[in-house]
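The chain contents come next:
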Amino acid sequence: MIIKWRKLKSRVVIMKRFPKISIIILNWNGKKITERLVNSLLSKTIYPKDKFKILIVDNGSKDGSIEYLKKRFGKKIEILALKKNYGYSIGVNRGIKYAIEQHSSDYLIILNNDMKIIDTSWIIKMLKIFSYNKKIMTVGCDLIFPDGKLQYNGVKKFSRIFLPSQVSAKDYPKEKEKWELVYVGTGAPMMIKKMAIEKIGYFDEVFTPSSSEEIDYLIRVNEKGYLNGYCHETKVIHYLSL
């Protein structure tokens, strides 16, 4: 799908065609945490409702998550209920497959349930990165702590993946560019082009229950000759509550 853009006097970038997007959120006994994220998605996200789906993949929760979230949000969300806790990669893969088959999604966005949306244009800003190079298959964005300090802003070099700096608050840098190409972006938010699933495949389930499946996936993007983009123009709060 070709996305065309135009700029208004207010400098807000508006899309002429809105691709179908499914947001995939994995939940396991985290109804209150997931509720906070969904609240922020519904109150902050500006995107056509008929092009925007929120899919909760419930990994066999025992805390009444399914009933609670259905009662809280009704038809504003969709819940894919799994019979047991399959772990992260299998759960996400089930969500991706469901979104593509049931909603013909053009793009998938993976979010951790311990996140919070604060920028109304976050989807549009991330989508815009795909238009800069047809080889871009995924796009991530900056993660911040609740106090606004920087948590993560992408890995530019392969060597840093295996020698990561300790996750700690840092002053938010003044990025020279609004976007860039990185070796590894974020596992969440991770916006994935449907073509990536066709060309690269799904998350490797060998990492079950949870390990480094998102890093592995982003490395595979590079190995297949494609690119990972990174958007510094938007940010998402990550509470690190897992």
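The structure presented is a predicted model; accordingly, all values stated were derived computationally and were not measured.

Of the regular secondary structure elements, the protein chain holds six helices and twelve strands. Taking all 242 residues of the protein chain together, 48% fall into the buried category. A fraction of 74% describes how many contacts in the protein chain between residues 6 or more apart in sequence connect residues 24 or more apart. Roughly 12,600 Å² of accessible area belongs to the protein chain as shown, and the carbon and sulfur atoms make up 52% of that amount.

It is worth spelling out the side chain of S105 at this point. Among the structural elements, S105 can be located in the loop between helix 3 (88-103) and strand 6 (107-111). Taking the relative accessible area as the measure of exposure, S105 reaches 1% and is therefore buried. A distance of 3.2 Å separates a polar side-chain atom of S105 from the backbone oxygen of A99. Look past the residues within four positions of S105 in its chain and what remains in contact with it is K20, I21, S22, A99, I100 and K194.

Looking at the second largest pocket, its volume works out to about 310 Å³. Lining the second largest pocket are L41, L42, T45, Y47, K49, F52, K53, I54, K75, K76, I77 and E78. Elements represented by at least two residues in the lining of the second largest pocket include exactly helix 1 (31-44) and strand 4 (52-59). For the lining of the second largest pocket, the element with the highest residue contribution is strand 4, accounting for three residues. Of the residues contributing to the lining of the second largest pocket, the split by class is six nonpolar, one polar and five charged.

Once that is clear, we can look at the pairing of strand 11 (residues 190-193). Alternating residues of strand 11 divide into M190 and I192 and M191 and K193, and every residue in both groups is buried. Bridge analysis of strand 6 against strand 11 gives four bridges, and the strand direction is antiparallel. If you follow I109 over to strand 11, its bridge partner there is M191. As paired elements, strand 8 (residues 136-144) and strand 11 share two bridges and run antiparallel to each other. Opposite V139, over in strand 11, you have M191 as the bridge partner.

With that settled, consider the state of the cysteines. Enumeration over the complete set of coordinates arrives at zero disulfides. C231 supplies the cysteine sulfur nearest to C141, a cysteine that is in no disulfide, at a spacing of 6.6 Å. Given a relative accessible area of 0%, C141 falls into the buried group. On the basis of relative accessible area, C231 is assigned to the buried category, the value being 0%.

What follows concerns unusual backbone geometry. Cis geometry marks the peptide bond from A188 to P189; its omega dihedral reads -5°. Counting through the fold element by element, P189 comes out in the loop between strand 10 (179-182) and strand 11. One non-glycine residue, N29, adopts positive backbone phi at about 50°. Along the chain, N29 turns up in the loop between strand 3 (21-27) and helix 1.

With that settled, the discussion passes to helix 2 (residues 65-73). Buried within helix 2 are the following residues: S65, L69 and F73. For helix 2, the angular spread of buried residues about the axis comes to 30°, placing them on one side. Of the exposed residues in helix 2, those oriented more than 90 degrees away from the buried face are E67 and K71. Of the surrounding elements, those touching the buried residues of helix 2 are strand 3, helix 1, strand 4 and strand 5 (78-82). Following helix 2 by one or two positions, G74 has its phi on the positive side, about 55°.

This part is about the pattern of salt bridges. The tally for this structure, following the rule as stated, stands at five salt bridges. Here R220 and D216 are joined by a salt bridge, their closest N and O atoms 3.3 Å apart. Taken together, the residues R220 and D216, both in helix 6 (residues 213-223) and four residues apart, mark about one turn of the helix. On the accessibility criterion, R220 (17% relative accessible area) is buried. One continuous salt-bridge network, built from bridges that share partners, spans K128, K178 and E233.

Cut-offs and rules
- Residues numbered from 1 in each chain as written.
- Predicted model: local features only at pLDDT ≥ 70, side-chain atom pairs only at ≥ 80, totals over all residues.
- Heavy atoms only, no water.
- Helix = DSSP H or I, 4+ residues; strand = E, 2+ residues; numbered from the N terminus.
- Buried < 20%, exposed > 50% of the residue type's maximum accessible area, 1.4 Å probe, protein only.
- Contact = heavy atoms within 4.5 Å.
- Areas by Shrake-Rupley, 256 points an atom, 1.4 Å probe, with all protein chains shown as cover.
- Polar contact = N/O pair within 3.5 Å; in protein donor to acceptor, adjacent residues only side chain to side chain.
- 1 Å grid on protein atoms, 1.4 Å probe; cavity = no way out; pocket = protein on both sides within 12 Å on 5 of 7 lines; lining within 4 Å.
- Points joined across faces, edges and corners; volume = space filled by probe spheres on them.
- Nonpolar A, V, L, I, M, F, W, Y, C, P; charged D, E, K, R; others polar.
- Pairing = 2+ DSSP bridges.
- Disulfide = S-S within 2.5 Å.
- Arc of directions from axis to C-beta.
- Salt bridge = Lys/Arg side-chain N within 4 Å of Asp/Glu carboxyl O.

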